[in-house]
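Spelled out, the chains give:
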Amino acid sequence: MTTKTLEGAKTLPLNEILHGDCIEKMASLPAGSVDLVFADPPYNLQLKGTLHRPDNSKVDAVDDAWDKFSSFAAYDKFTTAWLKEARRILKPNGAIWVIGSYHNIFRVGATLQDLGYWILNDVVWRKTNPMPNFRGKRFTNAHETMIWASRDEGAKYTFNYDALKALNEGVQMRSDWVLPICSGHERLKDADGAKAHPTQKPQSLLHRVLIGSTNPGDVVLDPFFGTGTTGAVAKMLGRDFIGIERDESYIEVAKRRLDRVRRFDRAGLEVTTAKRAEPRVPFGQLVERGMLRPGEMLVNPRGQQAKVRADGTLVADNARGSIHQVGAALDGAPSCNGWTYWSFIRDGQRVPIDILRQQIRSEMS
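Residues numbered from 1 in each chain as written. Predicted model: local features only at pLDDT ≥ 70, side-chain atom pairs only at ≥ 80, totals over all residues. Heavy atoms only, no water.

Novice: Hey, could you go over the sheet that holds strand β6 (residues 118-127) for me, with residue numbers and the actual values?
Specialist: Strands sit in the order β3-β10-β9-β4-β5-β7-β6-β8 across an open sheet of 8 strands; the sheet is mixed. Only two strands of the sheet have a single neighbouring strand rather than two, namely β3 (16-19) and β8 (176-179). Averaged over neighbouring strand pairs, the angle between their axes works out to 20° when direction is ignored. Of the strand pairs in this sheet, strand β4 (residues 34-39) and strand β9 (residues 219-222) are connected by 2 bridges, and their pairing is parallel. By the bridge assignment, V37 is partnered in β9 with L221. Where helix α5 (residues 203-213) meets the sheet, its contacts fall on β4, β5 (90-100), β6, β7 (143-150), β8 and β9, and the angle it forms with β8 comes to roughly 140°. Packed on one face of the sheet, helix α7 (residues 248-260) meets β3 and β10 (240-245) and runs near 175° to β3. (Pairing = 2+ DSSP bridges. Helix = DSSP H or I, 4+ residues; strand = E, 2+ residues; numbered from the N terminus. Axes fitted to C-alpha atoms, helices over the stretch in contact; angles between N-to-C directions. Contact = heavy atoms within 4.5 Å.)

Novice: I'd love a proper account of the packing of helix α2 (residues 72-89) against helix α3 (residues 105-114), names of residues and values included.
Specialist: Two elements in contact, α2 and α3, have axes whose closest approach is 10 Å; the angle formed by their N-to-C orientations is 45°. When the axis of α2 is compared with that of α3, the two are oblique. By crossing handedness, the relation of α2 to α3 is classed as right-handed. Every residue of α3 that contacts α2 at F72, Y75, D76, T79, T80 and L83 is listed here: R107, V108, T111 and L112. Partitioned by chemical class, the residues of the contact of α2 with α3 number 5 nonpolar, 3 polar and 2 charged. (Parallel < 35°, antiparallel > 145°, perpendicular 65-115°, else oblique. Left-handed = near helix turned anticlockwise from the far one by under 90°. Nonpolar A, V, L, I, M, F, W, Y, C, P; charged D, E, K, R; others polar.)

Novice: Tell me about helix α6 (residues 229-236), and please be specific about residues and values.
Specialist: Of all 8 residues making up α6, 7 are buried, and the element is well covered by its neighbours. For α6, the elements touching its buried residues are β4, α5, β9, β10, α7 and β16 (349-352). Positioned one or two residues after α6, G238 has a phi angle of 75°, which is positive. (Buried < 20%, exposed > 50% of the residue type's maximum accessible area, 1.4 Å probe, protein only.)

Novice: Go over the side chain of H103 with me, naming the residues and quoting the values.
Specialist: In this fold, H103 is placed in the loop between β5 and α3. Side chain to side chain, H103 and S101 meet in a polar contact 2.7 Å long. Separated by 3.2 Å, the side chains of H103 and Y102 make a polar contact. (Polar contact = N/O pair within 3.5 Å; in protein donor to acceptor, adjacent residues only side chain to side chain.)

Novice: Give a detailed account of empty space enclosed by the protein, specifying residues and quantitative values.
Specialist: The tally for this structure, following the rule as stated, stands at 2 cavities of 30 Å³ or more. What the second largest cavity holds in volume is close to 50 Å³. Lining the second largest cavity we find M236, R260, V261, R262, F264, R346, D347, Q349 and V351. Per-class residue counts for the lining of the second largest cavity are 4 nonpolar, 1 polar and 4 charged. Taken together, domain 1 (16-46 + 56-268) and domain 2 (283-364) each give at least three residues to the lining of the second largest cavity, which thus spans both. (1 Å grid on protein atoms, 1.4 Å probe; cavity = no way out; pocket = protein on both sides within 12 Å on 5 of 7 lines; lining within 4 Å. Points joined across faces, edges and corners; volume = space filled by probe spheres on them. Domains from an automatic or database assignment.)

This is the structure we're talking about:
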């Protein structure tokens, strides 16, 4: 754990998980001390009974006590209380991201505006592999919505436009993000092999949020920390985090996860300022420099693998060629941005290969 001493001799507990109620714990933090808040609050799903698949097996839905509220009024009261504290501890040019579903995000949005936040965008996270609608009475819920807002109207919030454009292979990043849900090896399990948390968010989602709206050294607060996705990505990307979580079992999982995460070289994590000014880095340079090894496996968002070859090409099934060509072949698409498509595995975690490209570019400049 590290601390930062602020005015008034108050200390900020960096890279620590605070155990307890998020409103009480935020109230203990000094005003104007946090650069970004990422919040994944209870959705208040209002489930009515057990949901079953066509084969009569039970769907592992969110039915935990923390997601249950007695009424919309009770949920609104809770939302207002934590958003007030979040706004108090944000720096004047700070910002907030809140993710939710149709059950709660509209109520959250109204409260944000009522409290004085300034909404910058709503971003649709379109899931490539959503859970099917088993009853067949509604559309499949294939997306969630994130609201991005600055603390105040006119705030000079962080927006790394060129970095996001670089992530998207030179094309302006849109407000609809197509990313897979958390599954496979990334999904954390408990001792019994069950999901450690029912709504664990994918690292790719937090990677894009933090690259786009924070800088190395910024402080990111997650008041609903869960199993620590925000903290894990913040640590990897050279940001500091503060997590708040009231469930001890989630905290234990998050601590073990964070212990396995390596912080990357800070100089290599500086975000792109202008793509046209950046030197070109062929994928083969990563192999030449030993950052990736011939024979090492890369993985795409669906978990498909491709082997790295000594000449900087990939091979997967019947596809051979560049990182872009093999990615396009696996997706049956006309083109693919291989830099954002492929990841490698370190300490059990997926790491985008673009991290390595940015490290080389930083050294070159």
